[in-house]
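Summary of structural features
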Amino acid sequence: MEKIIDIEDRIPTLKARRRRRTNRKFSILLLLFVTTILIVLYFQSSYSQIQTITIGGAVLVPKEQYMEQSSLKLGESMWGFGVKDIREKIEQNDWVKSVEVDRNWLTAVHIQVDEYKQVAYMEKEGHLQSILENGKFLQTDGQVLPIDGPIISGFDDEKIRIRLIKELKKLNIEVLWMISQINYTPTTNDAYSIQLFMNDGNEVLSLIPSFSEKMNFYPSIVSQIEPGVKGVIDLEVGSFFQSYDALYRPKETTEEEAVNGEVVEEDEEQTP
């Protein structure tokens, strides 16, 4: 037999449940109201404004240039700019590989730039211009650059220049620093012929496709040459060295050759 519960017995339970439901709604509304007030106060306070902008990774150009390109200014809203927009603006530079833009804490913005490395220099329009690892020139507007790579000459063809740069990137750093200048010297037989002048006084002849593979052995090759002797190292086919003395010093006329020459002259004079 089912037990019949009087409605009067259930009234306290219903009232308590209704009260809890009402309190929950009120708490939610109060939370939303307080949150809205805090958001309004936040956007009206200095805590929603950019107070610090930092630039990391700037080596090739001044930090101020990246700051100008970002269009960010102190005092502007932390949420009034798009991270993607700033990244795309800065990545338009030929010397920029990638960019990261982060909002740090409440009032700081950090821009981290990853630049292409300098691998060589080339004289252009009366100034030494940096050549980057992507084959592009860094426009310096007359800026004085530290010479920490070889100067290349004659590489006006971008395809040839990029081919050389790929080889330079494969060189051991100590070998790269030993190179003073690289001249492009194409011939009818080979369009990839190059001539190198080394900081130690030697000259090297090579071909671009096999350049890095053979040049990485340069310190070993030089160690086998007699100390103090300088000359031309030909790496085009194998590895051949010839001193400057053997190449450029005039042949000395021996005493026997001089005597024979005088005899010939006398004989010629006696001939009727």
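Everything in this summary refers to the structure shown in the same document. (Residues numbered from 1 in each chain as written. Predicted model: local features only at pLDDT ≥ 70, side-chain atom pairs only at ≥ 80, totals over all residues. Heavy atoms only, no water.)

**Some thoughts on the environment of V237**
One can find V237 in the loop between β11 (231-234) and β12 (240-243). Between the alpha carbons of V237 and S206 there is a distance of 8.2 Å; along the sequence they are 31 residues apart. (Helix = DSSP H or I, 4+ residues; strand = E, 2+ residues; numbered from the N terminus.)

**Focus: the packing of aromatic side chains**
Scanning the model with the defined rule gives two aromatic pairs in all. Relative to Y184, the ring of F155 lies with its centre 5.2 Å away and its plane at 35 degrees, an arrangement referred to as tilted. Here F155 is found in the loop between β7 (151-153) and α4 (158-169), whereas its partner Y184 is found in strand β8 (residues 179-184), with 29 residues between them in sequence. Centroid distance Y244 to Y248: 6.0 Å. Interplanar angle 25 degrees. Geometry classified as stacked. With Y244 and Y248 both in helix α8 (residues 244-248), this residue pair falls four residues apart, about one helical turn. (Phe/Tyr/Trp six-rings, centres within 6.5 Å; stacked < 30°, edge-to-face > 60°.)

**Details of the sheet that holds strand β6 (residues 137-138)**
With mixed pairing, nine strands are arranged side by side in an open sheet as β6-β5-β4-β7-β8-β9-β10-β11-β12. For this open sheet the edge positions go to β6 and β12, each flanked by a neighbour on one side alone. The sheet contact formed by β7 and β8 spans three bridges and is parallel. Looking at β8, one finds that S153 is bridged to N183. Sheet strands touched by α4: β4 (118-124), β5 (127-132), β6, β7, β8 and β9 (193-198). Its angle to β4, the strand with the most contacts, is close to 145 degrees. (Pairing = 2+ DSSP bridges. Contact = heavy atoms within 4.5 Å. Axes fitted to C-alpha atoms, helices over the stretch in contact; angles between N-to-C directions.)

**Description of the side chain of S243**
Looking at where S243 falls in the secondary structure, it is placed in strand β12. Given a relative accessible area of 17%, S243 falls into the buried group. A polar contact is formed between the side chain of S243 and the backbone nitrogen of A246, at a distance of 3.2 Å. Residue contacts for S243: discarding those within four places in its chain leaves V229, K230 and G231. (Buried < 20%, exposed > 50% of the residue type's maximum accessible area, 1.4 Å probe, protein only. Polar contact = N/O pair within 3.5 Å; in protein donor to acceptor, adjacent residues only side chain to side chain.)

**Describing a positive patch on the surface**
On the surface, R17, R18, R19, R20, R21, R24 and K25 cluster together into a patch of positive charge. Mapped onto the elements of the fold, R19 is located in helix α1 (residues 7-44). (Patch = residues over 30% accessible without salt bridge, like charges linked within 9 Å, V, L, I, M, F, W, Y side chains within 5 Å. Areas by Shrake-Rupley, 256 points an atom, 1.4 Å probe, with all protein chains shown as cover. Salt bridge = Lys/Arg side-chain N within 4 Å of Asp/Glu carboxyl O. Lys, Arg positive; Asp, Glu negative; His and termini not counted. Charge placed at Lys NZ, Arg CZ, Asp CG, Glu CD.)

**Section: the sheet that holds strand β2 (residues 96-104)**
Backbone hydrogen bonds hold the strands of a sheet together, and the pairing may be parallel or antiparallel. In space, the three strands of this open sheet follow the order β1-β3-β2, with mixed pairing throughout. The sheet is open, and its two edges are formed by β1 (52-56) and β2, each paired on a single side. Averaged over all adjacent pairs, the angle separating strand axes in this sheet is 15 degrees, with direction ignored. Alignment of β1 against strand β3 (residues 108-115), held across five bridges, turns out to be parallel. Within β3, the residue paired with I55 across the bridge is I111. The strands touched by helix α2 (residues 63-70) are β1, β2 and β3; relative to β1, the strand with the most contacts, the crossing angle is about 125 degrees. Packing against the sheet, helix α3 (residues 83-91) makes contact with β2 and β3, and its axis sits at approximately 150 degrees to β2.

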